[in-house]
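Structural overview for review
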Amino acid sequence: DGFTAEKLFCQGYSYTYDDVIFLPHYIDFPTDAVQLATRLSRNVPLNIPCVASPMDTVSEAHMAVAMAALGGIAIIHSNTTPSDQAAMVLSAKSRRVPILSSPVFKPPSGRIESLDDFGDSPYVLVTESGTSTSKLLGYVSRLDWQRLNNKEVKIYDYMVNSSDSVPSSNDLGQIDSFLKEKKSNFVPLMNNDEVLDLVTKEDVERIKGYPKLAAGSVGADGKWLVGASIGTRESDKERLEHLLKAGVNVVVLDSSQGNSIYQLEMIKYIKNSYPELDVIGGNVVTMYQADNLIQAGVDGLRVGMGSGSICTTQEVCAVGRGQATAVYKVSSIAYKSGVPVIADGGISNSGHIVKALTLGASTVMMGSFLAGSTEAPGAYEYQNGVRVKKYRGMGSLEAMTKGSDARYLGDTAKLKIAQGVVGAVKDKGSVLKFVPYTLQAVKQGFQDLGASSLQSAHDLLRSKVLRLEVRTGAAQVEGGVHGLVSYEKKSF
Ligand code: XMP
């Protein structure tokens, strides 16, 4: 009944996730028995198969701590200076709670002019010289300032004196106990002598309320796992030095067509210079491309060309591949060398994740799915009454103007051609909430397939036990909600 993957993907068609459907198999275990632990690359284990894309509207320090706390990882983008990128890696690795706010610092001799001086923070922290690295003396709360409402008064006349703080390596439980013991509403986090951040009682309660599906991703250094992307230019070798100093755990060579002499040479350079560091190559969509990168020594392969929600590569350059076909084809060769595959782009629901992982991927990399979240960079705005955050392709003119053109090999070209667009995605709330729900749905998909782990799904596919079919246009319509006048889409 149905087709084997081998047969289905050998017919000359390029299939996307929506084109194909798995036939259910046999269930002999409960949903919660499904194990989603996996590997990002040869030597980087993860507890959940989710990776945040190296894009400047997705992965900065806040996304990195949140993804690591969930058991996944974020790859911090390189569309900024090497020192900025390294600072983001360091910031993520210096904290343990999945929180990142931007506290405001003032000296005691300073004044608070208006509530705007608090930024997004409920407190202004008072330090000796008004910087994060000088001695912590106390704080002013929004409420205290509102009561006073006098911009002439110097801070030392009404601030609360307190040097209470906890190390930024404290976890949520430790911070919770501290706040309860001291009956405090917040506590500053210290990284050596620097005030790194502050955590409020509300933050702690909010995070405690989220479902917990897996343990966080901790490296051998005892800190969160954090990845970063780099390019393949000479200057990227220096960028790598910065990232290594910041403690980066894995690097991704960020290119839309990874099978290039530049990338092969970069892989060899990194594997020679830093044999301990895992290097992920890509992007690739064919077995030939994958084989070249495997021969050069990559520890992981990123698969996808033009399948991303903001991508126009297939239209602009006439190259690429349907993502289901690409993931299956590349995985079918990569597994022989023990190289994990990252299915990158085109994920818009939990079913797509089930398909990507069953077709051979070890993780999925997501941009739009994670964009628009609390943890994504950028501020919320309103478009036609809908709360949104910006999400843009790294090959969009706007992003390339900021520096990301090397990914699209536009660095030597005088005329820049966009291979991506700028858009916006709806406010989705915190990844700490919606990723666990999404993965619970993925577990149910695995259960329907009779696969209790990623490895077992891969084995069932290769041993031809799992069967699939192509969905006709009408079957795709039937598989979605249809025939209703209206409905509310709510998954959890
Ligand atoms: P999703 O579908 O998750 O895709 O939003 C994210 C992935 O898309 C790739 N990417 C691009 N591809 N032009 C492209 O052709 C672009 O401007 C662009 N920006 C990102 C990238 O692989 C990312 O992980």
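Residues numbered from 1 in each chain as written. Predicted model: local features only at pLDDT ≥ 70, side-chain atom pairs only at ≥ 80, totals over all residues. Heavy atoms only, no water.

1. Some remarks on the UniProt feature "active site" (unreviewed entry) in the chain
Taking the UniProt record as the reference, the feature "active site" (unreviewed entry) is found at C311 and R407. You can see C311 is positioned in the loop between β16 (300-303) and α10 (313-317). In this structure C311 touches G306 and Q419, once residues within four positions along its chain are discounted. (UniProt positions renumbered as here; feature names shortened; annotations may be inferred. Helix = DSSP H or I, 4+ residues; strand = E, 2+ residues; numbered from the N terminus. Contact = heavy atoms within 4.5 Å.)

2. Observations concerning the pattern of salt bridges
Per the counting criterion, the structure on display carries 20 salt bridges. A salt bridge links E6 to K464, with the nearest nitrogen and oxygen atoms 3.1 Å apart. Taken together, the positions of E6 in helix α1 (residues 5-8) and K464 in the loop between α15 (454-462) and β22 (468-470) put the pair 458 residues apart, joining distant regions of the chain. A residue is classified by how much of its surface remains accessible, and K464, at 39% relative accessible area, is partly exposed. In this structure, the salt-bridge partner of E205 is K208, at a minimum N-O distance of 3.5 Å. Linking E205 with K208, this pair stays in helix α6 (residues 201-208), spanning three residues, or about one helical turn. With a relative accessible area of 42%, E205 lands in the partly exposed category. Bridged by salt links that share partners, the residues D56, K390, R392 and E398 form one connected network. (Salt bridge = Lys/Arg side-chain N within 4 Å of Asp/Glu carboxyl O. Buried < 20%, exposed > 50% of the residue type's maximum accessible area, 1.4 Å probe, protein only.)

3. Regarding the packing of helix α9 (residues 287-296) against helix α11 (residues 323-334)
Relative to each other, α9 and α11 sit at 35°, their axes nearing to 9 Å. Judged by the twist between their axes, the crossing of α9 over α11 is right-handed. Contacts from M287, A290, D291 and I294 in α9 reach K329, V330, S332, I333 and A334 in α11. When its residues are assigned to classes, the contact of α9 with α11 shows six nonpolar, one polar and two charged. (Axes fitted to C-alpha atoms, helices over the stretch in contact; angles between N-to-C directions. Left-handed = near helix turned anticlockwise from the far one by under 90°. Nonpolar A, V, L, I, M, F, W, Y, C, P; charged D, E, K, R; others polar.)

4. Thoughts on the site of the ligand
Surveying the vicinity of the ligand reveals 26 residues, the closest of which are C311, T313, D344, Y391 and Q419. Here D344 contributes a side-chain N or O atom positioned 2.5 Å from an oxygen atom of the ligand. With respect to the ligand, the backbone of M394 contributes an N or O atom lying 2.8 Å from a nitrogen atom. Contact with the protein chains hides 97% of the accessible area of the ligand, taken as 520 Å² for the molecule alone. (Near = heavy atom within 4 Å. Polar contact = N/O pair within 3.5 Å; in protein donor to acceptor, adjacent residues only side chain to side chain. Areas by Shrake-Rupley, 256 points an atom, 1.4 Å probe, with all protein chains shown as cover.)

5. Some details on the side chain of D278
Relative to the assigned elements, D278 resides in strand β15 (residues 278-284). The side chain of D278 is buried and forms no salt bridge, while K271, the nearest opposite charge, is found at 4.5 Å. Here R42 takes part through its backbone nitrogen, which lies 3.4 Å from a polar atom of the side chain of D278. Residue contacts for D278: discarding those within four places in its chain leaves S41, R42, N43, V44, N249, V250, V251, K271 and D299. (Lys, Arg positive; Asp, Glu negative; His and termini not counted.)

6. Regarding the sheet that holds strand β9 (residues 160-161)
Spatially, β6-β7-β8-β9 is the arrangement adopted by the four strands of the open sheet, whose pairing is mixed. Strands with a single pairing partner mark the edges of an open sheet, and in this sheet they are β6 (104-106) and β9. Direction of pairing for strand β7 (residues 123-127) relative to strand β8 (residues 136-141): antiparallel, over a ladder of five bridges. Paired with Y123 across the strands is S141, a residue of β8. (Pairing = 2+ DSSP bridges.)

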